[in-house]
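Structural overview
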Amino acid sequence: MATTQGIDWHADIFSVLVGQNISIVTHVPDAGHGPLLKMCDEAPGIKLVTLTSEQDGVGLLCGAWAGGTKGVLLMQSSGVGNTVNALSLPASCRIPLLTIVSMRGEWGEFVPWQIPMGQGTPGVLEAMGVRIFRINEAHEVGATVEAAANLAFNTRQSAAVLLSQKLIGAKQFKEG
Amino acid sequence: MLKRRPSIKYLLEDRPSDLLAVSGLGSCTWDLSAAGNVPGNFCFIGAMGQAAPFSLGLALAQPQKRIVLFTGDGDILMSLGMLTTIANLAPANLCVVVLDNEVYGETGGQPTATAGCTDLVSMARGAGFSSASEVSRESELQELRDIIRNRNALHFSNVKVLSEALPLVFPFSFDGVTSINRFRDAAVA
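Below you will find a few notes about this structure. Here the structure is a predicted model, which is why all the values come from computation and not from measurement. (Residues numbered from 1 in each chain as written. Chains lettered and ligands numbered in written order. Predicted model: local features only at pLDDT ≥ 70, side-chain atom pairs only at ≥ 80, totals over all residues. Heavy atoms only, no water.)

Things to note about the overall build of chain B
To be explicit about the condition: Put simply, DSSP marks the helices as runs of H or I at least four residues long and the strands as runs of E at least two long, and each gets a number from the N terminus on. In this description the radius of gyration comes from C-alpha coordinates, and the expected globular size is given by 2.2 Å times residues to the power 0.38. Any residue under 20% of the maximum accessible area for its type is buried, any over 50% is exposed, and the rest in between are partly exposed; the area is computed with a 1.4 Å probe on protein chains only. In what follows, residue pairs with any heavy atoms lying within 4.5 Å of each other are defined as contacts. Methods summary: accessible areas were calculated by the Shrake-Rupley approach with a probe of 1.4 Å, and residue burial reflects only the protein chains presented. Charge counting treats Lys and Arg as positive and Asp and Glu as negative, with His and both chain ends excluded. In this description, the location of a charge corresponds to atom NZ of lysine, CZ of arginine, CG of aspartate or CD of glutamate.
On a plain count of helices and strands, chain B comes out with eight helices and eight strands. Here the C-alpha atoms of chain B give a radius of gyration of 15 Å, agreeing with the 16 Å that 2.2 N^0.38 yields for 189 residues. Across its three principal directions, the C-alpha atoms of chain B cover 45 × 35 × 30 Å. Within chain B, the proportion of its 189 residues that are buried is 54%. Here the analysis covers contacts within chain B between residues at least 6 apart in sequence; of these, 75% occur between residues at least 24 apart. Taken as a whole, chain B presents about 7,500 Å² of accessible surface, with 51% of it coming from carbon and sulfur. Each charge class in chain B can be summarised by its mean position, and for the 15 positive and 18 negative side chains these summaries are 5 Å apart.

So, in structure tokens, the structure goes:
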């Protein structure tokens, strides 16, 4: 069990996804989503789809919604940049899109190459009309993901939950 | 080399009611529109590279329906990674049909990679499609028509078509919300 401030917030996200009848989870693997990915992979009612690029998750979830099925896109902030033109599809057709983004390039970042896209993520999403729900504290996770999912699926909007690097914990690198 | 518009028309003539068709942006959307205004059609007018993932999501969500994607070489070349994702999931109800005219037709006919040394059938096989074929003669269209309607396994077909200047035929609406609402009703019915 991975916890922050004594709260297993990955499990809180998983509970919301199950409660929302999410049956397709698309992702490009990211350590920040690791425990959640494991739960989704083991859940009988969820199909976990590994993508080669985050943009494919946008189209895939739009097609799934057209077929009456709800899904979510899990990605790292660097992947947000890959989705930009794909976001035209849910925006043009007002298809609900829920994404949960694990942030890099902010709180305690070690790798300079993560800074540009990490810092650019909120602006890029806002420019494409995606509603942003940012989370810094573990106790906010469940309610915030629920709120974002409700907004996305009930009002047919694109919504992104940003899991801050403060919540996830800055990745530490050591040689050797 | 085949003529694209009569080819799509032939493939979809008297189509079964459980067949949903998706077209990638550009010529394939004009071709699909020319073949008939059907609620079970969804035509991309933008979002290049997204028709293939959309079709995969649809195929996963509606396993009882048959899904055919018509898209161009330019569109599929933008989302080649999707070939690997589709092949690994291998939905039995999906048929990917590329209409390969070897040019970017909407932008003035600049050559695509398939005009050079790139072979999409080999790429599909390499991605993991166990069934993939090239179609360049009218006599081969009949088999593809049967595959689209009846084969219970994933298939990829690269249809070599002429680069032609054809009149645009628009889908029933350019408005995405209008289009997807009608299509979704047909898809979930």
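Topic: the pattern of salt bridges
Put simply, the rule is: Salt bridge, as applied in this entry: a Lys or Arg side-chain nitrogen positioned within 4 Å of an Asp or Glu carboxyl oxygen.
Summed over the entire model, instances satisfying the criterion amount to nine salt bridges over all chains. A salt bridge links glutamate 109 of chain A to arginine 104 of chain A; its shortest N-O distance comes to 2.8 Å.

Considerations on the pairing of strand E3 (residues 70-76) of chain A
Residues and elements named next belong to chain A. For the record, the criterion: At least two bridges found by DSSP between two strands are what make those strands a pair.
Summarising burial for E3: six of the seven residues are buried, a large majority. Taken together, the five bridges between strand E1 (residues 22-27) and E3 define a ladder with parallel strand orientation. The residue bridging isoleucine 22 from the neighbouring strand is lysine 70, located in E3. Sheet topology note: the E3/strand E4 (residues 97-102) ladder contains four bridges and is parallel. Opposite leucine 74, over in E4, you have isoleucine 100 as the bridge partner.

What to know about helix H1 (residues 4-12) of chain B
All names here are of chain B. Our working definition: In this description, one arc is meant: the one made by directions from the helix axis to the C-beta atoms.
Looking at H1, one finds that the buried residues are Arg4, Arg5, Ser7, Ile8, Leu11 and Leu12. Buried residues along H1 cover an arc of 160° about the axis, so they all sit on one side. Taken together, the buried residues of H1 touch strand E1 (19-23), helix H2 (27-34), strand E3 (66-72), strand E4 (94-100) and helix H7 (138-150). Looking one or two residues beyond H1, the residue adopting positive phi is aspartate 14, at roughly 50°.

Observations concerning the sheet that holds strand E6 (residues 158-163) of chain A
Residue and element names in this part refer to chain A. Defined as follows: Every axis in this analysis is a line fitted to C-alpha atoms, fitted for helices over the stretch in contact. Angles between the N-to-C directions lie between 0 and 180 degrees.
Read across the sheet, six strands follow the order E2-E1-E3-E4-E6-E5 without closing on themselves; strand pairing throughout is parallel. Where the open sheet ends on each side, the last strands, each with one partner, are strand E2 (47-50) and strand E5 (131-135). Here the average twist between neighbouring strands, direction ignored, is 20°. As defined by bridge partners, E1 adjoins E2 across four bridges and the pair is classed as parallel. Note that in E2 the partner of isoleucine 24 across the bridge is lysine 47. Packed on one face of the sheet, helix H3 (residues 54-66) meets E1, E2, E3 and E4 and runs near 170° to E3.

Considerations on the side chain of glutamate 102 of chain B
All names here are of chain B. The following threshold applies: Any N or O atom pair separated by 3.5 Å or less is treated as a polar contact, with the protein-specific requirement of one donor-capable and one acceptor-capable atom, and with residues adjacent in sequence counted only for side-chain atom pairs.
With respect to the helices, strands and loops of the structure, glutamate 102 is situated in the loop between E4 and strand E5 (103-104). Here the side chain of glutamate 102 touches lysine 160 through a polar contact of 2.6 Å, side chain to side chain. Apart from the residues lying within four places of it in its own chain, the contact partners of glutamate 102 are Met1, Asp73, Gln110, Pro111, Thr112, Thr114, Ala115 and Lys160.

Side note on the packing of helix H3 (residues 51-61) of chain B against helix H5 (residues 81-89) of chain B
Residues and elements named next belong to chain B. In plain terms, the rule: Relative orientations are named as follows: roughly parallel for angles under 35 degrees, roughly antiparallel for angles over 145 degrees, roughly perpendicular for angles from 65 to 115 degrees, and oblique for any other angle. Handedness of a crossing is defined here by the sense of rotation of the near helix relative to the far one, left-handed for an anticlockwise turn of less than a right angle and right-handed for a clockwise turn.
The N-to-C vectors of H3 and H5 enclose an angle of 15°; their axes lie 10 Å apart at closest approach. Taken together, the axis directions place H3 and H5 in an arrangement best described as roughly parallel. Seen along the crossing, H3 lies across H5 with a hand that is left-handed. In contact with Ala52, Pro53, Leu56 and Leu60 of H3, H5 contributes Met82, Thr85, Ile86 and Leu89.

Quick look at the sheet that holds E4 of chain B
Residue and element names in this part refer to chain B. Reading across from one edge, E2-E1-E3-E4-E8-E7 is the order of the six strands in this open sheet, with parallel pairing throughout. Taken across any chain shown, the strands that pair with only one partner, and hence form the sheet edges, are strand E2 (41-43) and strand E7 (132-135). Neighbouring strand axes in the sheet, compared pairwise and without regard to direction, differ in orientation by 15° on average.

Topic: the nonpolar core
To keep it simple, the criterion reads: Nonpolar core, defined: a set of buried Ala, Val, Leu, Ile, Met, Phe, Trp, Tyr and Cys residues in which side-chain atoms within 4.5 Å join the residues together.
Within the largest apolar cluster, 60 residues are counted, with the highest numbers of intra-cluster contacts made by Phe54, Leu58, Ile86, Phe129, Phe156, Ile180 and Phe183 of chain B. In contact with leucine 58 of chain B, other than residues within four places in its own chain, are Gly63, Ala64, Ala66 and Gly67 of chain A together with Leu20, Val22, Ile67, Phe183 and Ala187 of chain B. Of all hydrophobic cores here, the second largest spans 29 residues; its members include Val72, Ala148, Phe153 and Leu163 of chain A.

Thoughts on the interface of chain A and chain B
It is common to give the size of an interface as the accessible area lost on bringing the parts into contact. Rule in force here: Any residue that is not Ala, Val, Leu, Ile, Met, Phe, Trp, Tyr, Cys, Pro, Asp, Glu, Lys or Arg is counted as polar, Gly included; the first ten are nonpolar and the last four charged.
Taken together, the 27 residues of chain A in the interface contact 28 residues of chain B. At the junction of chain A and chain B, the tally comes to zero salt bridges. For the interface between chain A and chain B, the tally reads six residue pairs in polar contact (both at pLDDT 80 or more). When residues of the side of chain A that touches chain B are traced back to their parent elements, those giving at least two are E2, H3 and helix H5 (88-93) of chain A. In the side of chain A that touches chain B, the residues fall into 13 nonpolar, ten polar and four charged.

What about a nonpolar patch on the surface?
How we decide: Patch members must show over 30% relative accessible area and no salt bridge, and they are joined within 9 Å when carrying like charges or within 5 Å when they are nonpolar side chains of Val, Leu, Ile, Met, Phe, Trp or Tyr.
A surface patch of nonpolar side chains, amounting to about 400 Å² of accessible area, comprises Ile45, Leu168, Phe170 and Phe174 of chain B. Relative to the assigned elements, isoleucine 45 of chain B resides in the loop between E2 and H3.

The quantities given are spatial measurements derived from coordinates; they are silent on function.
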